[in-house]
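# Examining the three-dimensional arrangement
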Amino acid sequence: MEINQVVGTLYCTERIEGLRHCSLQILKDRKGNLLVATDPVGVRPGNWVFTVSGSAGRLAMDDPKTMTDLAIGGIIDFWQPKQVAKPDSSSGDEQPTEQRDQAA
Amino acid sequence: MKICKVLKPLVSTNRIAGFGHKHLQVVQDGSAQLVAVDAVGSVPGDWVICVGSSAAREAAGSKEYPSDLTIVGIIDDWDPDAER
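All values derive from a computational prediction rather than experimental measurement.

Once that is clear, we can look at the overall build of chain A. Scanning chain A for helices and strands turns up two helices and five strands. Overall, chain A shows an N-to-C arrangement of helices and strands of β-β-β-β-α-β-α. Across the 104 residues in chain A, those meeting the buried criterion constitute 39%. As displayed, chain A has an accessible area near 6,100 Å², and 55% of this comes from carbon and sulfur atoms.

Within the largest apolar cluster, 29 residues are counted, with the highest numbers of intra-cluster contacts made by Phe50 of chain A together with Leu10 and Phe19 of chain B. Top element by residues in this core is strand 5 (residues 70–75) of chain A. It accounts for four residues. If you look at the next biggest cluster of nonpolar residues, it comprises nine residues, including Val6, Val27, Val48 and Cys50 of chain B.

All names here are of chain B. Summed over all chains, the structure comprises two aromatic pairs over all chains. Measuring from centroid to centroid gives 5.9 Å for Phe19 and Tyr65, while their planes differ by 80°, and the two rings are edge-to-face. In this pair, Phe19 is assigned in the loop between strand 2 (14–15) and strand 3 (23–29) and Tyr65 in the loop between helix 1 (53–60) and strand 6 (69–74), connecting sequence segments 46 residues apart. According to the relative accessible area criterion, Phe19 is buried, its value standing at 0%.

Another point: helix 1 of chain B. Restricting attention to buried positions, one finds in helix 1 of chain B the residues Ala56, Arg57 and Ala60 of chain B. Burial along helix 1 of chain B is one-sided: seen end-on, the buried residues are contained in an arc of 100°. Against helix 1 (55–60) of chain A together with strand 4 (32–38), strand 5 (47–52) and strand 6 of chain B lie the buried residues of helix 1 of chain B. Positive backbone phi, at 155°, marks Gly61 of chain B, one or two positions downstream of helix 1 of chain B.

Moving on, we get to the pattern of salt bridges. All names here are of chain B. For the coordinates displayed, the defined rule picks out three salt bridges over all chains. Between Asp29 and Lys2 there is a salt bridge whose closest N-O contact spans 3.8 Å. Highlighted residues: Asp29 in strand 3 and Lys2 in strand 1 (residues 2–9), separated in sequence by 27 residues. Judged by relative accessible area, which is 26%, Asp29 ranks as partly exposed.

Overall, the prediction assigns chain B a mean pLDDT of 91, with 98% of residues at 70 or greater. Confidence estimates for the predicted assembly give a pTM of 0.78 and an ipTM of 0.79.

Contacts between chain B and chain A engage 28 residues on the former and 25 residues on the latter. Of the roughly 2,100 Å² buried between chain B and chain A, counting both surfaces, carbon and sulfur atoms make up 57%. Per-residue buried area on chain B facing chain A is highest for Ile16, Gln33 and Asp68 of chain B; these three make up 25% of the total on that side. At the surface where chain B touches chain A, the tally comes to zero salt bridges. Summed over the shared surface of chain B and chain A, the number is 10 residue pairs in polar contact (both at pLDDT 80 or more). For the side of chain B that touches chain A, the secondary-structure elements that each account for two or more residues are strand 2, strand 3 and strand 4 of chain B. The greatest single-element share of the side of chain B that touches chain A, amounting to six residues, is contributed by strand 4 of chain B. A class-by-class count of the residues in the side of chain B that touches chain A yields 13 nonpolar, eight polar and seven charged. Here strand 5 of chain A pairs with strand 2 of chain B via two bridges, running antiparallel.

Definitions and limits used
- Residues numbered from 1 in each chain as written.
- Chains lettered and ligands numbered in written order.
- Predicted model: local features only at pLDDT ≥ 70, side-chain atom pairs only at ≥ 80, totals over all residues.
- Heavy atoms only, no water.
- Helix = DSSP H or I, 4+ residues; strand = E, 2+ residues; numbered from the N terminus.
- Buried < 20%, exposed > 50% of the residue type's maximum accessible area, 1.4 Å probe, protein only.
- Areas by Shrake-Rupley, 256 points an atom, 1.4 Å probe, with all protein chains shown as cover.
- Core = buried A, V, L, I, M, F, W, Y, C linked by side-chain atoms within 4.5 Å.
- Phe/Tyr/Trp six-rings, centres within 6.5 Å; stacked < 30°, edge-to-face > 60°.
- Arc of directions from axis to C-beta.
- Contact = heavy atoms within 4.5 Å.
- Salt bridge = Lys/Arg side-chain N within 4 Å of Asp/Glu carboxyl O.
- pLDDT = per-residue confidence, 0-100.
- Buried area = accessible area lost by both parts, 1.4 Å probe.
- Polar contact = N/O pair within 3.5 Å; in protein donor to acceptor, adjacent residues only side chain to side chain.
- Nonpolar A, V, L, I, M, F, W, Y, C, P; charged D, E, K, R; others polar.
- Pairing = 2+ DSSP bridges.

Structure (structure tokens):
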């Protein structure tokens with residue numbers, strides 16, 4: 001399950017019956033890509049949430065027949081996003097990025 | 001299945017009822033931070049095995065458990081930097 005941030009609500013009147021009346025939220029993931037998830041919890045923009053993907057996302061909804069592949073699992077009480085590790089960073093990136101830059 | 005390191009517990013009071021009382025842990029897989037349901041009782045710093053997709057649901061409790069990543073084992077000892 002990934003950790004994403006809620007950007008805002010997606011208004012989508014023309015939708016298939018399978019999506020029923022679920023509220024759709026726009027989420028931003030670690031790399032900045034935008035995703036759309038169904039929301040059984042009731043989130044506000046800016047919340048940090050964890051999402052359930054795949055067929056488990058359908059089970060996260062009240063009605064398991066909802067046709068979604070990504071559902072919001074819950075709002076994280078407190079989350080401190082660490083800066084996005086640069087792609088060429090070593091596997092263990094516990095040490096702060098500045099210190100590693102001088103070493104490189 | 002993936003080998004991940006447990007970073008810290010994930011506290012989420014406002015969450016769907018399907019999760020019940022199971023603990024959620026923040027695990028690190030390479031540079032990605034993911035959230036996994038803890039079925040074995042791991043502590044921060046442990047190296048664990050995580051299973052995904054439909055097996056994650058059964059491992060977490062029942063077929064209807066809404067999880068797509070579950071911790072299923074704690075590795076006795078693991079050296080992440082050793083070349084295999």
